[in-house]
Amino acid sequence: HLNHPGLEPLWQSLEREWLIQLTALLALVTAGLVFIAVALSGYWVVMLLGIIISSIGGYHLYQHLVQPRALDRLLKTLYETPQEVVWVYSVVNDHHPFGLQLLQRGILYFKLIDGDEISANLAPQKLKLISKVLSRALPGTVFGYSNERARRYSENPASLKNTR
């Protein structure tokens with residue numbers, strides 16, 4: 001079930017988010033280095049700002065590169081220990097500035113037995129197919145949001161396992 005083509009938007013979304021974060025961090029480091037280069041002509045405040053920006057960016061870039069990507073974590077969990085996924089649900093946010101619907105954004109949440117979560121931004125029209133395919137691949141996992149499930153998950157994530 002996990003090789004189903006309907007899951008491709010999920011994998012692409014997680015990869016795209018990782019690349020966007022990488023690009024932003026590289027831009028931050030580059031901006032800091034540009035500030036340092038500009039400051040070489042005698043602007044010590046700009047030099048200090050450049051050092052701070054590039055240091056913070058470099059630290060977060062390092063963290064981004066050494067920690068497992070969300071895609072890798074999710075794939076490893078789904079293939080090796082699918083029983084760790086206890087709850088999957090999606091949320092669609094409508095953005096209505098001035099009463100006009102301009103944008104819809106969907107988020108798919110994977111809640112894990114250890115209290116951790118993995119989320120992916122997806123087009124709302126893809127959520128139904130992805131949830132359907134995942135429900136076949138994860139038969140012991142609860143699908144769909146409810147306040148009762150949220151309460152139970154916050155108290156004891158394992159309490160959602162194998163209940164429908």
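Residues numbered from 1 in each chain as written. Predicted model: local features only at pLDDT ≥ 70, side-chain atom pairs only at ≥ 80, totals over all residues. Heavy atoms only, no water.

Here we look at the packing of helix α1 (residues 8-39) against helix α2 (residues 44-66)
(1) Moving on: Following both chains from N to C, one finds α1 and α2 inclined at 155°, their axes separated by 7 Å at the closest point. Relative to α2, α1 is oriented roughly antiparallel. When you trace α1 past α2, the crossing you get is left-handed.
(2) Moving on: When its residues are assigned to classes, the contact of α1 with α2 shows 17 nonpolar, eight polar and no charged. (Axes fitted to C-alpha atoms, helices over the stretch in contact; angles between N-to-C directions. Helix = DSSP H or I, 4+ residues; strand = E, 2+ residues; numbered from the N terminus. Parallel < 35°, antiparallel > 145°, perpendicular 65-115°, else oblique. Left-handed = near helix turned anticlockwise from the far one by under 90°. Nonpolar A, V, L, I, M, F, W, Y, C, P; charged D, E, K, R; others polar.)

Considering the packing of aromatic side chains
(1) Moving on: Following the criterion strictly, the structure yields five aromatic pairs and no others.
(2) Moving on: Consider the rings of W87 and Y89, whose centres lie 4.5 Å apart with planes at 35°: the pair is tilted. We note that W87, like Y89, is buried.
(3) Moving on: Where W87 meets Y153, the ring centres are 5.7 Å apart and the plane angle is 50°; that geometry is what we call tilted. Residue W87 is found in strand β1 (residues 85-95), and its partner Y153 is found in helix α5 (residues 147-155); the two are separated by 66 residues along the sequence. With respect to class, W87 is no different from Y153; both count as buried.
(4) Moving on: Each member of the aromatic cluster is reached from another via a ring pair, and the members are W87, Y89, Y109, Y145 and Y153. (Phe/Tyr/Trp six-rings, centres within 6.5 Å; stacked < 30°, edge-to-face > 60°. Buried < 20%, exposed > 50% of the residue type's maximum accessible area, 1.4 Å probe, protein only.)

Quick word on the pairing of strand β2 (residues 103-112)
(1) Moving on: Across the 10 residues that make up β2, a large majority, seven, are buried.
(2) Moving on: Bridge count between β1 and β2: 10 bridges; the pairing is antiparallel. Residue D94 lies in a different strand from β2, and its bridge partner there is Q104.
(3) Moving on: Summarising the sheet, β2 and strand β3 (residues 117-122) pair through six bridges and their orientation is antiparallel. In the strand pairing of β3, F110 is matched with I118. (Pairing = 2+ DSSP bridges.)

Observations concerning the pairing of β1
Consecutive side chains along a regular strand alternate between the two faces of the sheet.
(1) Moving on: Direction of pairing for β1 relative to strand β4 (residues 142-143): parallel, over a ladder of two bridges. Pairing of V88 across the sheet is with F143, part of β4.

A word on the layout of surface pockets
(1) Moving on: Of the pockets and cavities examined, the largest pocket occupies roughly 170 Å³.
(2) Moving on: Lining the largest pocket are L14, E17, W18, Q21, H64, Q67, P68, R69, A70 and R73.
(3) Moving on: Secondary structure elements with two or more residues in the lining of the largest pocket: α1 and α3 (70-80).
(4) Moving on: Per-element accounting of the lining of the largest pocket gives the leading share, four residues, to α1. (1 Å grid on protein atoms, 1.4 Å probe; cavity = no way out; pocket = protein on both sides within 12 Å on 5 of 7 lines; lining within 4 Å. Points joined across faces, edges and corners; volume = space filled by probe spheres on them.)

Some details on the confidence of the model for the chain
(1) Moving on: Summary statistics for the chain give a mean pLDDT of 90 and a share of 98% for residues scoring 70 or more.
(2) Moving on: Ranking the helices and strands of the chain by mean pLDDT puts α1 first, with 94, and β1 last, with 90. (pLDDT = per-residue confidence, 0-100.)

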